[in-house]
Amino acid sequence: MNPKLPHWQAVFFDFDGVIADSTDVKTRAFAALFAPYGPAVQDAVVRYHLDNGGMPRHAKIRHCFENLAGAPIDDAGLQRMGQMFSDLVLDAVVAAPYVAGAVETLQRLQKAGVPAFVVSGTPEDEMRLIVERKGLQPYFTEVHGSPRAKTEIIKSVLGRHGYTPERCLFIGDALADCRAACNTGLRFLGVVPEGRASIFPEGTPTSPTVSAVLP
């Protein structure tokens, strides 16, 4: 029997690694994008990507070009690289399997009348397209992405809907998600795959599966 859902006013979800098991898709795309700069740069880029989960994509790409590849990039170039990245990942993310517990949790929230929101570092238009193509639109009240930071997005949702922060939950797999929850007063659940060490501060509730019930 599933444990009873707490009386959340709303639940916020990151997407990659929380709804879709698509983290490796993004990692491979970063490696491909920086292949012309050689394996040492590729390795550094992949490490930066993995260490900065949840960061808005364009900010991450700019940092990697300017600080790791030593290649200054203007806004037009950044847009081109962002589009190349999107072309590399879109279909693969749509095809990616779901993280264990994700769909069941969305179904339980919908049945209980608890609004669900996507708060992602993926560009917003792309994130909405992915949600639509995966057939997940009915489960989400709103879908948000970059360039806005996650803290900004959450504060906007809380303000517009009049939610009480401590009665809302954020489910994420990155330190950026944990920080956004802390910055806005939300409860937080960190998704940590089975067999991996937690990256979150000591005492942070974690689970290998997605659930709106804190352990």
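Heads up: the structure comes first, above all this text.
A short tour of the structure in this document, coming up. For every chain, the first residue of the written sequence is number 1, and numbering continues from 1 along that sequence. At least 70 in pLDDT is required for a residue's local features to be given in this predicted model, at least 80 for side-chain atom pairs to be given and counted, and no such filter applies to totals for whole chains, interfaces and linings, which use all residues. The side-chain numbers reported here are obtained from all heavy atoms of the structure, hydrogens and water having been left aside.

Starting at the N terminus, helices and strands are each numbered in turn, a helix being any DSSP run of H or I of at least four residues and a strand any DSSP run of E of at least two. Helix and strand counts for the protein chain stand at eight helices and six strands. Reading the protein chain from its N end, one meets helices and strands in the order β-α-α-α-α-α-β-α-β-α-β-α-β-β. In this treatment the radius of gyration is a C-alpha quantity, and the globule benchmark scales as 2.2 Å times the residue count to the 0.38 power. Relative to its length of 215 residues, the protein chain is compact, with a C-alpha radius of gyration of 17 Å against a globular reference of 17 Å. Partly exposed residues are those whose accessible area sits between 20% and 50% of the maximum for their type, while under 20% is buried and over 50% is exposed, using a 1.4 Å probe and protein chains only. Evaluated residue by residue, the protein chain yields a buried proportion of 52% over its 215 residues. Note on areas: Shrake-Rupley with a 1.4 Å probe; residue coverage comes only from the protein chains shown. Of the roughly 10,300 Å² that the protein chain leaves accessible, carbon and sulfur atoms contribute 53%. For the protein chain, the distance from the average site of its 21 positive side-chain charges to the average site of its 23 negative ones is 5 Å. Charged-residue counts in this description rest on Lys and Arg as positive and Asp and Glu as negative, His and the chain ends being excluded. By convention, the charge on Lys lies at NZ, on Arg at CZ, on Asp at CG and on Glu at CD.

All right, on to unusual backbone geometry then. Backbone torsion omega between serine 146 and proline 147 reads 20°, so that peptide bond is classified as cis. Positionally, proline 147 belongs in the loop between β3 (142–146) and α7 (150–161).

Here we come to the layout of surface pockets. The distinction between a cavity and a pocket rests on a 1 Å grid over the protein atoms alone: a 1.4 Å probe fits inside a cavity but cannot get out, while a pocket stays open yet meets protein on both sides within 12 Å along at least five of seven lines, and a residue with an atom within 4 Å of a point counts as lining. Grid points are joined across faces, edges and corners, and a volume is the space filled by probe spheres set on the points. Here the largest pocket defines a volume of roughly 1,100 Å³. Throughout this entry, Asp, Glu, Lys and Arg are counted as charged residues, while Ala, Val, Leu, Ile, Met, Phe, Trp, Tyr, Cys and Pro are counted as nonpolar. The remaining residues, Gly among them, count as polar. Of the residues that constitute the lining of the largest pocket, the class distribution is 19 nonpolar, 10 polar and 13 charged. Of the volumes computed, that of the second largest pocket is approximately 160 Å³. The wall of the second largest pocket is formed by Asn2, Pro3, Leu5, Gly101, Glu104, Thr105, Arg108, Thr209, Val210, Ser211, Ala212 and Val213. Residue classes in the lining of the second largest pocket are distributed as five nonpolar, five polar and two charged.

What follows deals with the state of the cysteines. Linking two cysteines covalently via their sulfur atoms produces the bond known as a disulfide. Counting rule for disulfides: a pair of cysteine sulfur atoms within 2.5 Å. Here the structure, examined in full by the defined rule, presents zero disulfides. Here cysteine 168 stays free of any disulfide, with the sulfur of cysteine 182 as its closest cysteine sulfur at 15 Å.

In summary, the pairing rule links any two rings of Phe, Tyr or Trp, Trp by its six-membered ring, whose centres are within 6.5 Å, and it sorts them by plane angle into stacked for under 30 degrees, edge-to-face for over 60 and tilted for everything else. By the definition in use, this model includes nine aromatic pairs. Aromatic rings pair up to connect Phe12, Phe117 and Tyr163 into one cluster. In this scheme, Lys NZ or Arg CZ marks a charge over a ring once it lies within 6 Å of the ring centre and within 35 degrees of the ring normal. Of note, lysine 134 hangs over the ring of tyrosine 98, and the distance from its end group to the ring centre comes to 4.7 Å.

Once that is clear, we can look at the environment of arginine 108. Its place among the elements puts arginine 108 in helix α5 (residues 102–112). Between the alpha carbons of arginine 108 and glycine 38 there is a distance of 47 Å; along the sequence they are 70 residues apart. Between two residues, a contact is recorded if the distance between any of their heavy atoms is within 4.5 Å. Arginine 108 has contacts with Asn2, Pro3, Lys4, Leu5 and Val213, leaving out every residue within four places of it along the chain.

This paragraph deals with the pattern of salt bridges. Any Lys or Arg side-chain nitrogen located within 4 Å of an Asp or Glu carboxyl oxygen qualifies as a salt bridge. What the rule picks out here adds up to 11 salt bridges. Put simply, arginine 47 and aspartate 51 hold a salt bridge, and the shortest N to O gap is 3.3 Å. On the criterion of helical spacing, the pair formed by arginine 47 and aspartate 51 is a turn pair, its members being four residues apart in helix α2 (residues 39–51). A salt bridge links glutamate 124 to arginine 148; the shortest N-O distance between them is 3.9 Å.

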